[in-house]
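Listed below, chain by chain, are the residues.
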Amino acid sequence: MAKENIPLLTPYKMGRFNLSHRIVLPPLTRNRANNNIPQPHAMEYYSQRATSGGLIISEANGACDISLRYPNMPGIWTKEQVEAWKPVVNAVHNKGGIFFCQIWHPGRVSEYTTQKWLFIGREEDQDDKGTTPEQLKLEDNVSDNYTEKWFFIDREPKDQTYKGTTLEQMKLDDIAQIINDYRAAARNAIDAGFDGVEILGANGYLIGKLMKDEVNDRTDQYGGSLENRCRLALEVVEAVAEEIGADRTAIKLSPYDDYKGTTGDSTPEALGLYMANALTNLGILYLHVTEPRMIKVGDDYVTPRTLLPIKKAFNGTFIASGGYNKYDGDKAIEESYADLVSFGRLYLANLDLPKRFEINAPLNKHDRSTFYIQDPVVGYTDYPFLQIVA
């Protein structure tokens, strides 16, 4: 198949950015930023996956010193972090890539050693108290075999007990501070050389959870109605857009996400449509949306494709995410279901994914066991490039 007949490999103009293809590397947590500072090995990781005219979005960066979820996640709130990101951004730009920085605050799932604020306070959601570090917390996870379980070990010295999270509802002053943190983080990202900022409003973290009526039980202007629940998200977007320009501002949403009944909304499409219209009014560059979770149909697992109404309501670049393969991605572009498609695990394991799609080459298999280890090479920069025989 000729390259020009592959929808994912057609050019696209995203605001000021001329993209050579529609394949996006989305934010992927990698836990390789020692002490929350990007390391030199990140230069190789991101530049390996960079292409001329291709869009890359960084792993989530903490907007402040309490916006952390896991150990060794990068931040963008200090000068040292900004300086550490500069050579990484330069490495991507040297390959001709467009590089956006994702910023976030995880909220109630913040790493307990640094957490200060929780936005709602349901007792049934807080971590088990009195758990010793030797005990493991078991989490369900939808994975390739759909039966996998992940174990998380509390990182406390063995002679200490686990300090359970103390739930505390954010005060209005706290919310104002968080908005300012996002504003400052966005400015830092631009100072580091990033082309723009993607705000994380998905996956059950602070902004995303506050939107959901099955989770948010606030009684002030940030709870209750759909408009109130979306208020923080839109105030953060507006603050970031004021700071760096709407044409450099984006957000990721997951209106259909409902992890173990803790991140759900009773009317997810209405939530997505409301946000799409409000974001159009703010004039931001792109909207990145995750599909609903996979469901079993017969013997197969499929992802419902339900984003078209949201895409139609948004007057900007629309990125779809969620279990796509090449066939699904080509179809999404061809049918104008999305403008761009992000590929997480496929792009992680296949540094040259656009080239492999171009020539229909075999794909490397990802190794999930190395996703979150802190080795600077294994599972990070050691996936092989395609070997083309002349």
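Residues numbered from 1 in each chain as written. Predicted model: local features only at pLDDT ≥ 70, side-chain atom pairs only at ≥ 80, totals over all residues. Heavy atoms only, no water.

Enquirer: Sorry, what's going on with helix α9 (residues 326-334) here?
Expert: Residues spaced three or four apart along an α-helix point in a common direction, a consequence of the helix completing one turn every 3.6 residues. The complete set of buried residues in α9 reads Lys326, Gly329, Asp330, Ala332 and Ile333. Taken down its axis, α9 places every buried residue within 160° of arc, on the same side. Facing away from the buried side of α9, by more than 90 degrees, are the exposed residues Tyr327 and Glu334. On its buried face, α9 sits against β15 (340-342) and α11 (353-359). For α9, the capping residue at the N-terminal end is asparagine 325, with a side-chain oxygen 3.1 Å from the backbone nitrogen of tyrosine 327. Following α9 by one or two positions, serine 336 adopts a phi angle in the positive range, close to 55°. (Buried < 20%, exposed > 50% of the residue type's maximum accessible area, 1.4 Å probe, protein only. Helix = DSSP H or I, 4+ residues; strand = E, 2+ residues; numbered from the N terminus. Arc of directions from axis to C-beta. Contact = heavy atoms within 4.5 Å. Polar contact = N/O pair within 3.5 Å; in protein donor to acceptor, adjacent residues only side chain to side chain.)

Enquirer: What am I meant to see in unusual backbone geometry here?
Expert: For residues besides glycine, phi is generally negative; the peptide bonds are generally trans as well. The phi dihedral of asparagine 203 falls on the positive side, at around 65°, and the residue is not glycine. Locating asparagine 203 in the fold gives a position in the loop between β9 (196-201) and α4 (206-211). Of the residues examined, asparagine 203 reaches a relative accessible area of 34% and is grouped as partly exposed.

Enquirer: How should I be thinking about the packing of helix α6 (residues 231-244) against helix α7 (residues 268-282) in this particular structure?
Expert: Think of two packed helices as two axes; the pair is described by the angle between the axes and how far apart they sit. Where α6 contacts α7, the axes come no closer than 11 Å and their chain directions differ by 20°. As far as their axial angle goes, α7 and α6 are roughly parallel. Read as a crossing pair, α6 and α7 show a hand that is right-handed. Here Ala233, Leu234, Val237 and Glu238 of α6 lie close against α7, whose contacting residues are Tyr274, Met275, Ala278, Leu279 and Leu282. Its residues assigned to classes, the contact of α6 with α7 comprises 8 nonpolar, no polar and 1 charged. (Axes fitted to C-alpha atoms, helices over the stretch in contact; angles between N-to-C directions. Parallel < 35°, antiparallel > 145°, perpendicular 65-115°, else oblique. Left-handed = near helix turned anticlockwise from the far one by under 90°. Nonpolar A, V, L, I, M, F, W, Y, C, P; charged D, E, K, R; others polar.)

Enquirer: What should I look at first to understand a nonpolar patch on the surface in this one?
Expert: Together, Ile373, Val377 and Val378 line one region of the surface with nonpolar side chains, adding up to about 190 Å² of accessible area. In this structure valine 377 comes out as partly exposed when scored by relative accessible area, which is 42%. (Patch = residues over 30% accessible without salt bridge, like charges linked within 9 Å, V, L, I, M, F, W, Y side chains within 5 Å. Areas by Shrake-Rupley, 256 points an atom, 1.4 Å probe, with all protein chains shown as cover. Salt bridge = Lys/Arg side-chain N within 4 Å of Asp/Glu carboxyl O.)

Enquirer: What is the right way to look at the nonpolar core in this model?
Expert: Burial of nonpolar side chains together is a common tendency in soluble globular proteins. If you look at the biggest cluster of nonpolar residues, it comprises 82 residues, and the most contacted ones within it are Tyr46, Ile199, Leu279 and Leu287. Those residues in contact with leucine 279, other than ones at most four positions away along the chain, are Leu234, Val237, Ile251, Leu253, Ile284, Leu287 and Phe314. Counting 14 residues, the second largest nonpolar core, distinct from the first, contains Met14, Phe17, Leu19 and Leu285. (Core = buried A, V, L, I, M, F, W, Y, C linked by side-chain atoms within 4.5 Å.)

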